[in-house]
Amino acid sequence: MATALSEEELDNEDYYSLLNVRREAASEELKAAYRRLCMLYHPDKHRDPELKCQAERLFNLVHQAYEVLSDPQTRAIYDIYGKRGLEMEGWEVVERRRTPAEIREEFERLQREREERRLQQRTNPKGTISVGIDATDLFDRYEEEYEDVSSGGFPQIEINKMHISQSIEAPLTATDTAILSGSLSTQNGNGGGSINFALRRVTSAKGWGELEFGAGDLQGPLFGVKLFRNLTPRCFVTTNCALQFSSRGIRPGLTTVLARNLDKNTVGYLQWRWGIQSAMNTSIVRDTKTSHFTVALQLGIPHSFALISYQHKFQDDDQTRVKGSLKAGFFGTVVEYGAERKISRHSVLGAAVSIGVPQGVSLKVKLNRASQTYFFPIHLTDQLLPSAVFYATVGPLVVYFAMHRLVIKPYLRAQKERELEKQRESTATDILQKKQEAEAAVRLMQESVRRIVEAEESRMGLIIVNAWYGKFVNDKSKKSEKAKVIDVTVPLQCLVKDSKLILTEASKAGLPGFYDPCVGEEKSLKVLYQFRGVLHQVMALDGEALRIPKQSHRIDTDG
């Protein structure tokens, strides 16, 4: 009898890749692949005790894969949640007679229950640190030197304001969340702080409500109510009512926002604010994969303005974005332009130059690190000086590219190497086991491959001359790196049927006789084969589907 496989063995296999079938494969295609591998690995075909033991394990693994994929119910769960989904606590109580759709619903219910248990231990911390810097002495400084000023000839750069805020969320139940937030601010030697507590309840799939209580030393107690409601699938409204208590009495405030989806990527907003700084505002926001556009108009006391802004999103790995905006109103006119870029997995760095009348020139630097934001507005001059605009624009670019080359890039490279090394260490035992299984599979394939080669040679068919799988180094700039490949000639020849080789769109590491020789790195498959007596060659990416022979693979030997 075949021995049972451990959970770790089952969890590290891709059943579709193991059987070399498409994810859309019908039952007949599954059966054909299963029968072929059963004939290859059947223990009764091998007399050698060691080969027989290895065949038992591989045969059992193929049988397990077929059992999962041939059952519509287990396959439905496997397709969405993987093998771990089949081991979910509570799965055993689900009726086997249900349809795949009902199975999905039941599984999602079990998953929600597990998430609710985890929810009690989660918080969602968010924070902002803002440091305002006065650097006007760099550009607005007098040329004359006064005797009573002992500045030593160096410009004075001062921190004139700071703001720190932090909030955490504590889920109480699946519908109730408590939010605690606080802030501290200081400007020119004067400052204060506040603390707020809010309780939010999701009343239905269409809305939620929130009660807020706050207190601070600059302002008195605060009581507020916020409501959100989806009016239609394309329209929602938000209302915020607040009562601010102070020595001057009670100061009420009301803000209402009505929003509607104008199309798939465009939302229109109408806002009415009554109380402190009453205003009416309308805006249209269009957000697509490559751009973000906003136009807004506000009429209010004391500020009325018109705004237009545009942001272009580059489709690169660093998620680079450039933006520009124009804002004009009773307070003056401000032009702002800038860019932001991802510098690590969880960090985004951005900078913007603000040029305004009568505001002057400012440089704003922002760093987003996970859920924390660090903001540094640097005021350069109260006047429109070309030198301030030039240095505010060029300076950050020079500093960024120098930092990126000398600090960020080496740090990311070292971090990636550490992660790869950690991943290799954590999977070393599993990879060693996969390598042994692959070598065992190759030994089991020898006899079948001999017959396949004889049949293909007799009809001038498809012969795999050489095949390698892993990391190839073709870039001359990476000569120091070593190629990490394994010979997969025998496993590929074993998959040849009727002078054809078809590999599905999946990682080839799960194919019989394969394993991953370089965990976490990009891999390819290189095949040199002979068809109709002519040599052909092809290289395919790891997850790329491959079908041979093809005329385009033919090696030109005319030269």
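Everything quoted here is computed from the prediction, not taken from an experiment. (Residues numbered from 1 in each chain as written. Predicted model: local features only at pLDDT ≥ 70, side-chain atom pairs only at ≥ 80, totals over all residues. Heavy atoms only, no water.)

## Thoughts on the overall build of the chain
On a plain count of helices and strands, the chain comes out with nine helices and 23 strands. Across the 559 residues of the chain, 33% fall into the buried class. By element, 56% of the accessible surface of the chain is carried by carbon and sulfur atoms, the whole surface being about 34200 Å². (Helix = DSSP H or I, 4+ residues; strand = E, 2+ residues; numbered from the N terminus. Buried < 20%, exposed > 50% of the residue type's maximum accessible area, 1.4 Å probe, protein only. Areas by Shrake-Rupley, 256 points an atom, 1.4 Å probe, with all protein chains shown as cover.)

## Focus on the side chain of aspartate 176
With respect to the helices and strands, the residue aspartate 176 is situated in strand 3 (residues 176-187). Taking the relative accessible area as the measure of exposure, aspartate 176 reaches 12% and is therefore buried. Not counting the four nearest positions on each side in its chain, aspartate 176 is found in contact with Pro171, Arg200 and Arg201. (Contact = heavy atoms within 4.5 Å.)

## Points about the environment of glutamate 454
Mapped onto the fold, glutamate 454 is located in helix 8 (residues 386-458). Judged by its relative accessible area of 44%, glutamate 454 is partly exposed. Of note is the side chain of glutamate 454, whose polar atom sits 2.9 Å from the side chain of arginine 450. (Polar contact = N/O pair within 3.5 Å; in protein donor to acceptor, adjacent residues only side chain to side chain.)

## Focus: the pairing of strand 10 (residues 279-287)
Within a regular strand, side chains alternate between the sheet's two faces. Sheet analysis places strand 9 (residues 266-274) next to strand 10, joined by eight bridges and oriented antiparallel. Bridging across to strand 10, tryptophan 272 finds its partner in methionine 280. The turn linking strand 9 back onto strand 10 is made up of four residues, and glycine 275 within it adopts a positive phi angle of 120 degrees. Pairing geometry for strand 10 and strand 11 (residues 291-300), over nine bridges, is antiparallel. (Pairing = 2+ DSSP bridges.)

## A short note on the packing of helix 4 (residues 49-70) against helix 8
At a minimum axis separation of 10 Å, helix 4 and helix 8 run at an interaxial angle of 115 degrees. Judged on the interaxial angle alone, helix 8 and helix 4 are roughly perpendicular. The way helix 4 lies across helix 8 gives a crossing that is left-handed. Contact with helix 4, carried on its side by Glu50, Leu51, Gln54, Ala55, Arg57 and Leu58, involves Gln433, Glu437, Ala440, Ala441, Arg443 and Leu444 of helix 8 and no other residues of that element. For the contact of helix 4 with helix 8, the per-class residue count stands at six nonpolar, two polar and four charged. (Axes fitted to C-alpha atoms, helices over the stretch in contact; angles between N-to-C directions. Parallel < 35°, antiparallel > 145°, perpendicular 65-115°, else oblique. Left-handed = near helix turned anticlockwise from the far one by under 90°. Nonpolar A, V, L, I, M, F, W, Y, C, P; charged D, E, K, R; others polar.)

## Description of the sheet that holds strand 19 (residues 484-487)
Read from one edge to the other, the open sheet built from four strands follows the order 19-18-21-22, with strand pairing classed as antiparallel. If you trace the sheet from one side to the other, it starts and ends with strand 19 and strand 22 (534-541), each paired once. Sheet twist, expressed as the mean angle between neighbouring strand axes with direction ignored, is 20 degrees. One ladder, built from four bridges, connects strand 18 (residues 462-471) with strand 19; its direction is antiparallel. The residue bridging tyrosine 469 from the neighbouring strand is isoleucine 486, located in strand 19.

## Topic: a nonpolar patch on the surface
Taken together, the side chains of Ile168, Leu172, Leu180, Ile195, Phe197, Leu199, Leu211, Phe213, Phe223, Leu243, Phe245 and Ile250 present a nonpolar region at the surface, about 990 Å² in accessible area. It is strand 4 (residues 190-204) that contributes the most residues to the nonpolar patch, three residues altogether. Looking at the secondary structure, you find isoleucine 250 in strand 8 (residues 249-261). (Patch = residues over 30% accessible without salt bridge, like charges linked within 9 Å, V, L, I, M, F, W, Y side chains within 5 Å. Salt bridge = Lys/Arg side-chain N within 4 Å of Asp/Glu carboxyl O.)

## What to know about the nonpolar core
Counting 32 residues, the largest nonpolar core has Leu19, Val21, Leu30, Tyr41, Val62, Leu69 and Met445 as the members making the most contacts within it. Taken together, the elements giving at least two residues each to this core come down to helix 2 (15-19), helix 3 (27-41), helix 4, helix 8 and helix 9 (489-494). Counting residues per element, this core draws most heavily on helix 4, which supplies nine residues. What tyrosine 41 contacts, discounting residues up to four positions off in sequence, is Ala55, Leu58, Phe59, Val62, Ala441, Leu444, Met445 and Pro512. Ile464, Val488, Leu503 and Ala540 belong to the second-largest nonpolar core, a separate cluster that totals 24 residues. (Core = buried A, V, L, I, M, F, W, Y, C linked by side-chain atoms within 4.5 Å.)

## Observations concerning helix 4
Between its first and last C-alpha atoms helix 4 spans 31 Å; for 22 residues at 1.5 Å apiece the expected length is 32 Å, and the two agree. Of all the residues in helix 4, the buried ones are Gln54, Ala55, Glu56, Leu58, Phe59, Asn60, Leu61, Val62, Ala65, Tyr66, Val68 and Leu69. (Expected span 1.5 Å × (residues − 1).)

## Focus on unusual backbone geometry
In the segment running from valine 357 into proline 358, the intervening peptide bond is cis, with an omega of 10 degrees. When you line up the elements, proline 358 lands in the loop between strand 15 (347-357) and strand 16 (360-369). With an omega of 10 degrees, the peptide bond running from isoleucine 548 to proline 549 counts as cis. Mapping proline 549 onto the fold places it in the segment after strand 23 (546-548).

## Description of the pattern of salt bridges
Using the criterion set out here, one finds 13 salt bridges in the structure. Of the charged contacts in the structure, one is a salt bridge between glutamate 456 and arginine 459, with a shortest N-O distance of 2.9 Å. For lysine 471, the salt bridge is made with glutamate 521, and the minimal N-O distance between the two is 2.7 Å. Taken together, the residues lysine 471 in strand 18 and glutamate 521 in the loop between strand 20 (501-503) and strand 21 (524-531) connect sequence positions 50 residues apart. Both residues of the pair, lysine 471 and glutamate 521, count as buried. Connected through salt bridges with shared partners, the residues Glu447, Arg450, Arg451 and Glu454 form a single ionic network.

## A closer look at the confidence of the model for the chain
Predicted coordinates in areas of low pLDDT are best not read in detail. Overall, the predicted model of the chain reaches an average pLDDT of 83, with 86% of residues at or above 70. Highest mean pLDDT in the chain belongs to strand 12 (residues 305-313) (96); lowest belongs to helix 1 (residues 7-11) (40). Long-range and interchain partners of residues 1-12, a stretch whose pLDDT sits below 50, account for 24 contacts in this model, where long-range means more than four residues apart. Taken as a whole, residues 90-97 scores under 50 in pLDDT and shows 15 contacts with residues more than four places along the chain or in a different chain. (pLDDT = per-residue confidence, 0-100.)

## Looking at the packing of aromatic side chains
Per the stated rule, a full pass over the model turns up nine aromatic pairs. The interplanar angle of 50 degrees and the centroid separation of 5.4 Å between the aromatic rings of phenylalanine 213 and phenylalanine 223 together place this pair among those described as tilted. Placement of the pair is phenylalanine 213 in strand 5 (residues 207-216) and phenylalanine 223 in strand 6 (residues 222-232), with a sequence separation of 10 residues. Among the residues examined, phenylalanine 213 registers a relative accessible area of 42% and is labelled partly exposed. Under the relative-accessibility criterion, phenylalanine 223 is labelled partly exposed at 31%. Taking the centre distance of 5.4 Å and the plane angle of 70 degrees together, the rings of tyrosine 400 and phenylalanine 401 count as edge-to-face. Classification of tyrosine 400 by relative accessible area gives buried; the value is 14%. Through successive ring pairs, a cluster of aromatic residues spans Phe139, Phe390 and Tyr391. Between the NZ or CZ atom of arginine 200 and the centre of the ring of tryptophan 208, over which it lies, the distance is 5.0 Å. (Phe/Tyr/Trp six-rings, centres within 6.5 Å; stacked < 30°, edge-to-face > 60°. Lys NZ or Arg CZ within 6 Å of the ring centre and 35° of its normal.)

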